[in-house]
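# Observations on the three-dimensional arrangement
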Amino acid sequence: MRALNRKLLRDLWKIKTQVLAIAVVVGCGVAIIVMALGTMRSLEETRAAYYERYRFADVFAHVKRAPEYLAERVARIPGVKWVESRVVADVTLDVPGMAEPATGRLVSIPEHGRPALNDIKLRRGRALAPDRPDEVLIDETFAEAHGFRPGDHFFAMINDKKRKLRIVGVALSPEYIYSVGPGVLVPDKRRFGVMWISREALASAFDLEGAFNDISLSLLPSASSAEIIERLDDLLDPYGNTGAYDRDDQVSHAYLSGEMDQLVAVATVAPPIFLGVAAFLLHIVITRLVATEREQIGLLKSFGYGNAAVGWHYLKVVLVVAGLGVVLGFAGGAYLGRVMTELYTEFFRFPFLYYRLSPDVFAMAALVTLSAAVLGTINAVWRAVRLPPAEAMVPAPPAVYRRTAIERLEPRGLVGQPTRMVFRHIVRWPLRAAMTTLGISLAVAILVSSLFFYDAIEHLVQVYFHHAQRQDVTVTFTEPSAERIVHEIGRLPGVLAVEPYRAVPVRLRFGHRSERVAITGLEPGAALHRVLDARLRPAAIPPDGIVLSTKLAELLAAAPGDVLTVEVLEGRRPVRQVPVAALVEEYIATPAYMDRHAVNRLMSEGPVLSGAYLQVDAREAEALYRTLKDTPVVAGVGLQTVMLRTFRETMAETMDIMISFYVAFGGLIALGVMYNSARIALSEHGRELATLRVLGFTRFEALYILLGELGVLTLLALPLGCLIGYGLAWFFAWSFDTELFRIPLVIERATYGAAVLVVLVAGAASALIVRRRVDRLNLVAVLKTRE
Amino acid sequence: MASAGSSHDRGSLEEPRGPQGTASGPDRPERRRAFVARGLTKVYGKGEVAVHALRGVDLELFEGELAVLLGPSGSGKSTLVNIMGGLDLPTAGQVFFHDLELTAFDERALTAYRRENVGFVFQFYNLVPSLTARENVALITDIARDPLPAEEALALVGLAERLDHFPAELSGGEQQRVAVARAIAKRPEVLLCDEPTGALDSKTGVLVLEAIERVNRELGTTTAMITHNAAIADMADRVISLADGRIAGVRENATKSPARALAW
């Protein structure tokens, strides 16, 4: 090894803890890039392959009942490649060993041959046998949740008749990578299952022989989905069409896309913070190294080493430290990617999901990191290159200090000399002080903005479950039902209060914008299911007009007073003009509300109902569930407590891991910045402190001078960090804002407190490490040596 | 914090034995002893690399005297002064400062001893670059019990006009005189100077020596000055020569030369 390289290694070994601290910060940035982009890439590629192999459709539509020959006419729409008509129905399930009812989505598949679209992957068991109407294939998540195996059975309420269904196989479908039941927030593996059954069996059960109620299309690459949707709607409208939609509105696809967008958001925001901080840390370390090795640089140059060789020498220091970080980041990123992928396999169902380490993601991460490191330090390295050898051999003149402007106001004697030293030092290198402050505040910000998710979710739970939807059970009816059903439900065991509702699918148009939603007609003065205004106070539904959720109003660009065109997608499909009466705050989906009687008037129908919200005596809940499972008119039963529990479980599963990573990352940034800051201060002031110790200053007094600067900067950084953290939280809330889900921007004081505490602990740890060095300062050496 | 002056219990109360060491001068009972060192040995390192810096030194310094410790590099003079200054402990032997046994002190007591009793002047000034001349002195007077005002201390070394200059704005000689002012501003009982002119030319060196001489004369501070420059020895009351870790000889100057008359 060449002597200069040996020097390099020994120099690095001398500052190994600092090197490690910086490398860890670099590593965090690299790990996030590798994890987020790698996982996103894996998801994207896996999804594309899955869609292609199992022929996932492009356009979807549901009708009440359309004759089969219509499918052929749909196939003749220019741009349509394949068409698959189906019968799809949601039914109430009675699963052995489970008290509460579950919802099953029965999807027909052809008895012979494969479906043209939305094919399934058989995971276990066998395919359906012809002429066996009681055989079903069930979705893998549902099977796992109940421990179902081929040969097991359960019951379903199919068209008023309780039928026994026998499981012959377990399957997966690209249509249900993410599967969530109707009216539910998050997947509930136990209470919602997709199952495939023979077309003939399902059609005869629902009187849909020679007809379909669901149709899927795949398009030619050149086709415009908007045009085809329009023509499809024209064809289907006479048959109870609820409005065709493309993949963007398909729940599973949309959710998966949202997840990928979040990964991209994370990969966009977090790495620049880490790499920026790392570049700054490298900058101060290299600057200090060049300053302390001034005479060595002079010596090297006088021996005939060129400027380029000296510059390359220090650049190598940078590359080694950053390179170490890249290696750590690769390992960390690959690990995190695997954890994420495992999380996704739990959450999303793919027949194959592999975490592939894409070399280009690694290469990109390494390139970005090394460039940031070199860019951050080029100035310091250039200083070594520029140093004339003769000047370098002479010790650097003492640093020039000035009185600070604030000091002129201070009466002499008020502030002790140690404090004065601290402030002059900050003012002497203002940029460095500012960058250190920024570094520490970014650590606070990362902590605040990751812990913020807990606050947001808790707030959402409070609002959704405790202020807005306070019912215990939501019952949906198979058909719009007459008002007298309220009395019948009221007599069921355990029912304390009943609040009926009427929901109709509509297309809302305003200007050139339109949205497919359901209008929920609530009882006047509803006390169970309420709507909340912007300040989260219960709001009354006006007797006329429509109330929009804020997100829906934003999508339509409509405001109170605007008149919307409401195209009802059910029954006689009236089209009406309805003014926007008010806006309400909703974090989930994009609902619209009206007075229930106003909906009935809109539909030109009598007082009919779609379902009811119930308040239930918990002691009699099981008896109620048993009754509901056998009630023909009930299509679905939603349970708030179960929904809240699965919501919390799902959030805990998906958020805990990520948030703990980010909290660790925030702590590491704080440690990296503060430890380096303290070490640099020690390097710069070591001689001064040893002198003061000789002059009789105590260790504590010396430590005060050493760490005072860091203390002041930390105090400045804490409020700044909280502020930046709020900004980051705003960004995350904004970038996660989708039609499916919004994250309220709520940060509790305890969250700021926790973030501040983590940073203070990191600061205290750095101070403790440096304190040991202050204790071991060589007092005798300063008497004899020049700096 | 307990000051060294009040921590009698830490040191031995045993009276130092009479002056009989090689370094003690003629028995002059009117002069009180500030320091007494007995059998000082200092070994750095172990085994083959062991360096014997002091090999059994007996020494006394009298109150108010200006002693010059003369000797080549490695003769042990710095080690001796470091031990007297409470910066280092001997491997064997005892050091008394008045009736306090420094060699029985712990870290904390030694810090307090330095803080209360000792003024240091270093070869390379060791001023705090971020503080002005006045503030460098105030750094010490702020923590001393009965200090001179910083301005007075600086006037004593002839820098009354340079109070608000930062070290970067002062010449080497001026910086060293600030260091002298800083060392004596707390009215220490003892002033220890390690090669105070080592980094200076002859002319500015003399100005620094004049300052030290004046402090010794006007404040009566016991002063021990290390040098390898024999010319400086002429300003001392006594010249103690060291060689190879031992006292090689003690000379008393019948007449002291004023610092102003020195040249090298």
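Reading the values: the criteria
Residues numbered from 1 in each chain as written. Chains lettered and ligands numbered in written order. Predicted model: local features only at pLDDT ≥ 70, side-chain atom pairs only at ≥ 80, totals over all residues. Heavy atoms only, no water. Pairing = 2+ DSSP bridges. Helix = DSSP H or I, 4+ residues; strand = E, 2+ residues; numbered from the N terminus. Axes fitted to C-alpha atoms, helices over the stretch in contact; angles between N-to-C directions. Contact = heavy atoms within 4.5 Å. Salt bridge = Lys/Arg side-chain N within 4 Å of Asp/Glu carboxyl O. Buried < 20%, exposed > 50% of the residue type's maximum accessible area, 1.4 Å probe, protein only. Domains from an automatic or database assignment. Polar contact = N/O pair within 3.5 Å; in protein donor to acceptor, adjacent residues only side chain to side chain. Patch = residues over 30% accessible without salt bridge, like charges linked within 9 Å, V, L, I, M, F, W, Y side chains within 5 Å. Areas by Shrake-Rupley, 256 points an atom, 1.4 Å probe, with all protein chains shown as cover. Nonpolar A, V, L, I, M, F, W, Y, C, P; charged D, E, K, R; others polar.

### Some points on the sheet that holds strand β7 (residues 190–194) of chain B
Pairing between the strands of a sheet comes from backbone hydrogen bonds, and it takes one of two forms, parallel or antiparallel. Residue and element names in this part refer to chain B. Spatial strand order, β6-β7-β8-β3-β9-β10: six strands in an open sheet with mixed pairing. Each edge of the sheet is formed by a strand with only one pairing partner; in this case those strands are β6 (118–121) and β10 (246–252). Between one strand axis and the next, the sheet turns through 20° on average, direction left out of account. Note that strand β3 (residues 66–70) and strand β8 (residues 222–227) share five bridges and pair parallel. Opposite Ala67, over in β8, you have Ala224 as the bridge partner. Running at roughly 150° to β8, helix α1 (residues 77–84) makes contact with β3, β7, β8 and β9 (238–243) of the sheet.

### What about the sheet that holds strand β2 (residues 80–86) of chain A?
Spatially, β2-β10-β1-β11 (chain A) is the arrangement adopted by the four strands of the open sheet, whose pairing is antiparallel. Each end of this open sheet is capped by a strand with a single partner; those strands are β2 and β11 (245–246) of chain A.

### Describing the pattern of salt bridges
On inspection of all chains with the given rule, the structure shows 58 salt bridges over all chains. Here A:Glu135 ties to A:Arg132 by a salt bridge, and the two come within 3.9 Å at their closest N and O atoms. When its relative accessible area of 2% is taken as the criterion, A:Glu135 is described as buried. For A:Arg132, a relative accessible area of 39% translates into the label partly exposed. Between B:Lys42 and B:Asp88 there is a salt bridge, with its nearest N and O atoms 3.3 Å apart. You can see B:Lys42 sitting in strand β1 (residues 33–44) and its partner B:Asp88 sitting in the loop between α1 and β4 (92–97), a full 46 residues away along the chain. Residue classification places B:Lys42 among the buried positions, given a relative accessible area of 11%.

### A word on the side chain of B:Lys77
Its place among the elements puts B:Lys77 in helix α1. Discounting chain neighbours no more than four positions away, the residues touching B:Lys77 are B:Leu69, B:Leu70, B:Gly71, B:Pro72, B:Glu195, B:Ile226, B:Thr227, B:His228 and B:Leu242.

### What to know about the domain arrangement of chain A
Residues and elements named next belong to chain A. Domain boundaries in chain A define domain 1 (59–254), domain 2 (429–467 + 651–787) and domain 3 (468–646). Taken over C-alpha atoms, the centre of domain 1 sits 25 Å from the centre of domain 3. Residue-level contacts link 29 residues of domain 1 with 21 residues of domain 3. Taken together, domain 1 and domain 3 are joined by three salt bridges. Salt-bridge contacts for Asp630 lead to Lys162; the nearest nitrogen and oxygen are separated by 2.6 Å. Summed over the shared surface of domain 1 and domain 3, the result is 10 residue pairs in polar contact (both at pLDDT 80 or more).

### A few points about the environment of A:Leu745
Residue and element names in this part refer to chain A. Mapped onto the secondary structure, Leu745 falls in the loop between α19 (699–735) and α20 (749–775). Taking the relative accessible area as the measure of exposure, Leu745 reaches 28% and is therefore partly exposed. Distance from Leu745 to Ala733, taken between C-alpha atoms, is 6.3 Å for residues 12 residues apart in sequence. Not counting chain neighbours up to four residues away, the residues in contact with Leu745 comprise Phe452, Tyr726, Ala729 and Trp730.

### Some thoughts on unusual backbone geometry
Keep in mind that most residues, glycine aside, have a negative phi and that most peptide bonds are trans. At A:Ala589, a residue that is not glycine, the phi angle is positive and equals roughly 55°. When you line up the elements, A:Ala589 lands in the loop between β19 (575–584) and β20 (592–595). Residue classification places A:Ala589 among the partly exposed residues on the basis of a relative accessible area of 34%. Even without a glycine there, the phi angle at B:Asp244 is positive, about 55°. Inspection of the secondary structure puts B:Asp244 in the loop between β9 and β10.

### Remarks on a nonpolar patch on the surface
All names here are of chain A. Judged by side-chain polarity, Leu431, Met435, Leu438, Leu720 and Leu723 come together as a nonpolar surface patch covering roughly 460 Å² of accessible area. Listing elements by their share of the nonpolar patch, those giving two or more residues are α13 (430–468) and α19. Residue contributions to the nonpolar patch peak at three residues, all from α13. Along the chain, the position of Met435 falls in helix α13.

### Overview of the interface of chain B and chain A
In this assembly, 33 residues from chain B lie in contact with 33 residues from chain A. Across the contact surface, chain B and chain A share five salt bridges. Where B:Glu135 meets A:Arg424, a salt bridge forms, and the shortest distance between an N and an O atom there is 2.5 Å. Linking chain B to chain A there are 12 residue pairs in polar contact (both at pLDDT 80 or more). For the side of chain B that touches chain A, the elements supplying multiple residues, two or more each, are α1, α2 (107–117) and α3 (133–141) of chain B. Looking at the side of chain B that touches chain A element by element, the count peaks at five residues for α3(B). A per-class count over the side of chain B that touches chain A returns 14 nonpolar, seven polar and 12 charged.

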